[in-house]
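# Chains, contacts and geometry: an overview
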Amino acid sequence: MPATPLAGLRFTITAGPTREALDPVRYLSNHSSGKMGFALAAAAAAMGADVTLISGPVQLATPAGVKRIDVVSAEQMHQAALKVAVQSDIFIGCAAVADYRAADVATNKLKKGASEQLQLTLVKNPDIIAAVAGLAKQRPFTVGFAAETQNVLSYARQKLLNKKLDMICANDVSQPDAGFNSEQNALTALWHGGEQVLGLQTKAALAASLITLIYQHFSQQQTT
Ligand code: PMT
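Let us look at the structure shown here.

Rules used in this analysis
- Residue numbers restart at each chain and count upward from 1, following the sequence in its written direction.
- With pLDDT at 70 or above as the cut-off, local features in this predicted model cover only qualifying residues; side-chain atom pairs require 80 or more to be listed or tallied, and sums for whole chains, interfaces and linings still use all residues.
- As used in this record, a residue near a molecule or strand is one whose C-beta atom, placed from the backbone, is within 6 Å of it.
- A helix here means a DSSP run of H or I that spans at least four residues, while a strand means a run of E at least two residues long, and both kinds are numbered starting from the N terminus.
- Ten residue types, Ala, Val, Leu, Ile, Met, Phe, Trp, Tyr, Cys and Pro, are classed as nonpolar, four, Asp, Glu, Lys and Arg, as charged, and the remainder, Gly among them, as polar.
- Axes here mean lines fitted to C-alpha atoms, for a helix over just the part in contact, with angles spanning 0 to 180 degrees between N-to-C directions.
- Oblique is the label for any angle not covered by the other classes, which are roughly parallel (under 35 degrees), roughly antiparallel (over 145) and roughly perpendicular (65 to 115).
- Note on convention: the crossing is left-handed when the near helix lies turned anticlockwise from the far helix by less than a right angle, right-handed when the turn is clockwise.
- Residues are defined as contacting one another if the C-beta atoms placed from their backbone atoms lie within 7 Å.

As a further point, take the site of the ligand. Neighbouring the ligand are 29 residues; Ser33, Gly93, Ile128, Gly144 and Phe145 lie closest to it. At the level of elements, α1 (35-46), α3 (128-133) and β9 (141-148) are the ones that each hand at least two residues to the shell around the ligand. Counting residues per element, the shell around the ligand draws most heavily on β9, at four residues. Class assignment for the residues of the shell around the ligand results in 13 nonpolar, 12 polar and four charged.

Laid out in structure tokens, this is it:
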């Protein structure tokens, strides 16, 4: 294989969490550190790809040669992703996007009331990867992730079908040494008619194997 097998290919990769504001000082979010998505961006760039990384709020340096777009909320990530996806050959949704946001964001800090309970009304965020996979024109080869704590493979397969993806990476995030904010991870890549286990290893090593696997499937799709 040449040293830069992905030269000329455009990747867009989402990474990190989103933050959904409740008021000027509080938000809903999750434990994503961005490490998996950044490792994918670094691996694709090292293989010669032109990489755009759309990142939620994380504490990580931009990998060498990667273009980075910073966003905060799911709605911002959705806007950025749709703009760049149509100029991409391959789109990978590794971000842990909040499924819901507050129906109303308070202008001022919410004050503690007399009641022991506070009810929040949440509304659904747009499904970014489903929107990318559903593009009628200039649709990239679309790869999602599925972070699950139970029925990992069957929930991931459902997401592969429901979101109309080309591939999905099932990520069992119930394991203490893998998934969110760890240095290592393990995945099972699922596609229509097959799957491949990528065992526990550093996120950098895993990312290199996964980018190679994605490229193989992308190339096959181009020739059929
Ligand atoms: O960032 P790290 O700390 O390194 O952790 C890595 C990770 C655990 C975050 C990563 O490996 C991972 O599993 N990412 C997906 C997390 C997730 O939110 O999965 P999900 O099953 O909720 O979402 C399924 C897919 O839909 C994902 O591709 C997600 O990006 C996408 N999605 C979800 C909701 C939404 N509104 N829009 C989306 O595009």
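Here the narrative resumes, following the displayed structure.
With that settled, the discussion passes to the environment of aspartate 127. The topology assignment puts aspartate 127 in the loop between β8 (122-124) and α3. Separated by 73 residues in the primary sequence, aspartate 127 and leucine 200 have C-alpha atoms spaced 29 Å apart.

In contact at an axis separation of 8 Å, α1 and helix α5 (residues 203-223) are set at 55° when each is read in the N-to-C sense. In this view, α1 runs oblique relative to α5, as classed from their interaxial angle. Seen along the crossing, α1 lies across α5 with a hand that is right-handed. Along its contact with α1, which presents Lys35, Met36, Ala39, Leu40, Ala42, Ala43 and Ala44, the element α5 presents Lys203, Ala204, Ala207, Ala208, Leu210 and Ile211. Of the residues belonging to the contact of α1 with α5, the class tally is 11 nonpolar, no polar and two charged.

This is a description of form; function is not addressed.
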